[in-house]
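Architecture and fold: a report
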Amino acid sequence: MMRIGLRAARGFRAEAVEPAAPARRALLKSACACASLALLPRSAVAAAPGEAPPPARPIHGDLDAAAREVEGAMIAWRRDIHANPELGNREHRTAALVARHLRDLGYEVREGVGRTGVVAVLKGGGGPGPVVALRADMDALPVREEVDLPFASKARAQWGGQEVGVMHACGHDCHVAILMAAAQVLAARRDRLPGTIKLLFQPAEEGTVGEGVCGARLMVEEGAMRDPKPDMVFGLHVSSALPVGSIGYRPGNAMAGADRFQIKVTGRQTHGAMPWNGVDPIVIGSTIVTTLQTVVSRETDVARSPAVLSVGIFKGGLRNNIIPETAELEGTLRTFGEAQRATAKRRVTEIAQSIATGMNGKTEVTWDDNGYPPLQNDVALTARSAPTLARLFGEQARLVDPAMASEDFPYFAREAPGFFYFVGITPPGTDPAKAAPNHSPRFRVDEAGLMAGLRATLHLVADATGMA
């Protein structure tokens, strides 16, 4: 992978227009910029639970100065990655860029973890301390970019048997650039760092077509969370649902788990004019779709733990006057707890099978084994992290409601206490509720948000390790 030039890009926004210097300084002074995951609830309220913010220490000012120095390179990396997006498990160029950068900084680097993932270790020289893992996902989406930028993606690739545009429509280019910048700042302060830093550059968070396990799960299975085993793991996500300059987080239930199901209904084909001579799988399927809604509306205590069940695909038949032999349904289940998840999955299967049997048909229910578990932020680690965010961002460090969007970060958080938070990237003057959401072809990043993500990462590490 070719290294890109590190020309100054400080303060540039996604539109490549440099903001006025006072505005930029105000963003930096106020803990800078943050963004939002367009799938986050819009009802975030200002809050920063936990202990009172600890006083700033000399290391904090040093880290902020270092963040400003590396900001131009960070933005340049983000733009390079944005212009050259890669789909899940195909992040070869991005992984090579990351690996070369980390080796140059003195990290112990292991490539090809979870296919294209990169794991890097930096042993601090500041005495004993915890092993702190930091994660960034690298993959893009099969989306054709519709944002007019000088570094807009023109990439094309095969996805699901067809040629598609490829775009960093979820902001993973930002995540990679932020962690590359953090790696540089921490490596330069290695002698002052207690403990060990482990970096996890992960492929395939958005999943793959026909290639099996998601990136986080596969990295864990291939030993990414061993040798050394982290004592804690941090992750972030840029989000259009938050204004730049803000950070969103939540202890406990943060993001829903996601499970995909498929239902194949088998009836008996017949002429549409004589339905009594067959068994109509479309009517059976329609009844299943309607009745499945009761799993949430009548069987789930949504006041305590919300859930969503949606059927997004219903296919059956070739002609208007033929009742077909089969119909196929596909949907998603979103839950916030493992017990709730297991119960809802069982009830979907029972309802589909009972309805089909009762209407003289048959059904086969299949659950994707590669579903994403609910994301549960470790309560103790969140309580330790909240004061750091409050010190950095003041009232712009805010609690957010649980999000129905999903992440595969929980696979890392099952191995060590995890804290996952959101960084605002919607520019001033734009209502986040009206901003193009993550996964949209018009998704746009205010690059001032990268500095907020970088500062949060650096300060969380410093406070977790006792870095001086």
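None of the values given here were measured: they were computed from a predicted structure.

This part covers the overall build of the protein. The helix and strand tally for the protein stands at 11 helices and 19 strands. Restricting to contacts in the protein with at least 6 residues of sequence separation, those with at least 24 account for 85%. Of the roughly 18,700 Å² of accessible surface on the protein, a fraction of 52% belongs to carbon and sulfur atoms.

Bringing unusual backbone geometry into the picture now. With an omega of 0°, the peptide bond running from Asp227 to Pro228 counts as cis. Structurally, the position occupied by Pro228 is in the loop between α5 (215–221) and β8 (232–243). Even without being a glycine, Asn89 presents a positive backbone phi close to 65°. Here Asn89 is to be found in the loop between α2 (58–83) and α3 (92–104).

A few words now on the nonpolar core. Of all hydrophobic cores here, the largest spans 73 residues; its most connected members are Leu102, Tyr107, Leu199, Phe201 and Leu454. A per-element tally of this core places helix α4 (residues 172–188) first, with 12 residues. Not counting residues up to four positions away in its chain, the partners in contact with Leu199 are Leu102, Tyr107, Val118, Val119, Ala120, Leu134, Leu179 and Ala183. Grouped together as the second largest cluster of nonpolar side chains are 25 residues, Val119, Ala403, Tyr411 and Phe412 included.

Tracing the sequence through the fold places Arg135 in strand β4 (residues 131–137). Judged by relative accessible area, Arg135 falls into the buried class, the value being 4%. Contact partners of Arg135, with chain neighbours within four places excluded, come to Leu179, Leu200, Gln202, Glu205, Phe234, Gly235, Glu407, Asp408, Phe409, Phe412 and Phe420. Polar contacts involving the side chain of Arg135 include one to the side chain of Glu407, which spans 2.8 Å. Side-chain polar atoms of Arg135 contact the side chain of Asp408, separated by 2.9 Å.

A few words on the environment of Gln202. Following the sequence through the fold, Gln202 ends up in strand β7 (residues 196–202). Relative accessible area serves as the criterion here: at 0%, Gln202 is assigned to the buried category. In this structure the C-alpha to C-alpha distance between Gln202 and Leu218, which are 16 residues apart in sequence, comes to 9.6 Å. If we skip the residues at most four places from it in the chain, Gln202 touches Arg135, Ala136, Asp137, Met138, Asp139, Gly215, Ala216, Met219, Asp408 and Phe412. A polar side-chain atom of Gln202 sits 3.0 Å from a polar atom in the side chain of Arg135.

Applying the stated criterion across every chain, the model contains 7 aromatic pairs. Judged by centre distance (6.4 Å) and plane angle (65°), the ring pair of Phe409 and Phe412 falls under edge-to-face. Under the relative-accessibility criterion, Phe409 is labelled buried at 0%. Pairing Phe409 with Phe420 gives two aromatic rings, centres 5.0 Å apart and planes at 45°, and the pair type is tilted. Of the two residues, Phe409 sits in the loop between β18 (397–399) and α10 (410–413) while Phe420 sits in strand β19 (residues 418–426), which places them 11 residues apart along the sequence. Cluster of aromatic residues (ring-pair linked, three or more members): Phe234, Tyr249, Phe419 and Tyr421.

In the contact formed by helix α9 (residues 379–393) and helix α11 (residues 448–465), the axes pass within 10 Å of each other and the chain directions differ by 135°. Considered as vectors, α9 and α11 are oriented oblique to each other. When the axes of α9 and α11 are compared, the crossing they make is right-handed. Where α9 abuts α11, its residues Arg384, Ser385, Thr388, Leu389, Arg391, Leu392 and Phe393 lie against Ala452, Arg455, Ala456, His459, Leu460, Asp463 and Ala464. Per-class residue counts for the contact of α9 with α11 are 7 nonpolar, 3 polar and 4 charged.

Through backbone hydrogen bonds, the strands of a sheet pair up, either in parallel or in antiparallel fashion. In space, the 4 strands of this open sheet follow the order β13-β15-β11-β16, with antiparallel pairing throughout. Unpaired on one side and paired on the other, β13 (308–316) and β16 (362–367) mark the two borders of the sheet. Shown here is a sheet whose adjacent strand axes are inclined to one another by a mean of 20°, direction ignored. Across 6 bridges, the pairing between strand β11 (residues 257–266) and β16 is antiparallel. Residue pairing in the sheet places Phe261 in a bridge with Trp367 of β16. Seen against the sheet, helix α6 (residues 281–292) touches β11, β13 and β15 (326–335) and runs at an angle of roughly 170° to β13. Along the sheet, helix α8 (residues 338–358) contacts β11, β13, β15 and β16; its crossing angle with β16, the most-contacted strand, is approximately 160°.

What follows covers α9. Taking 1.5 Å of rise per residue, the 15 residues of α9 would be expected to cover 21 Å, and the 20 Å separating its terminal C-alpha atoms lies within 8% of that figure. Its axis deflected by about 25° at Ser385, α9 carries its strongest bend there, up to four residues before the proline Pro387. Counting buried residues in α9 gives 11 out of 15 residues, a clear majority hidden from the surface. Those residues of α9 that sit buried are Leu381, Thr382, Ser385, Ala386, Pro387, Thr388, Leu389, Ala390, Arg391, Leu392 and Phe393.

Positionally, Asp64 belongs in helix α2. A relative accessible area of 14% means that Asp64 is categorised as buried. Engagement of the side chain of Asp64 in a polar contact is seen with the side chain of Arg455, the distance being 2.8 Å. Apart from the residues lying within four places of it in its own chain, the contact partners of Asp64 are Arg455 and His459.

Let's shift gears to the confidence of the model for the protein. For the protein, the average pLDDT comes to 90, and 89% of its residues sit at 70 or higher. Confidence drops under pLDDT 50 across residues 1–39; counting only partners more than four residues distant or on other chains, this segment forms 140 contacts.

Rules and cut-offs
Residues numbered from 1 in each chain as written. Predicted model: local features only at pLDDT ≥ 70, side-chain atom pairs only at ≥ 80, totals over all residues. Heavy atoms only, no water. Helix = DSSP H or I, 4+ residues; strand = E, 2+ residues; numbered from the N terminus. Contact = heavy atoms within 4.5 Å. Areas by Shrake-Rupley, 256 points an atom, 1.4 Å probe, with all protein chains shown as cover. Core = buried A, V, L, I, M, F, W, Y, C linked by side-chain atoms within 4.5 Å. Buried < 20%, exposed > 50% of the residue type's maximum accessible area, 1.4 Å probe, protein only. Polar contact = N/O pair within 3.5 Å; in protein donor to acceptor, adjacent residues only side chain to side chain. Phe/Tyr/Trp six-rings, centres within 6.5 Å; stacked < 30°, edge-to-face > 60°. Axes fitted to C-alpha atoms, helices over the stretch in contact; angles between N-to-C directions. Parallel < 35°, antiparallel > 145°, perpendicular 65-115°, else oblique. Left-handed = near helix turned anticlockwise from the far one by under 90°. Nonpolar A, V, L, I, M, F, W, Y, C, P; charged D, E, K, R; others polar. Pairing = 2+ DSSP bridges. Expected span 1.5 Å × (residues − 1). Bend = angle between axes of the 7 residues up to and from the residue. pLDDT = per-residue confidence, 0-100.

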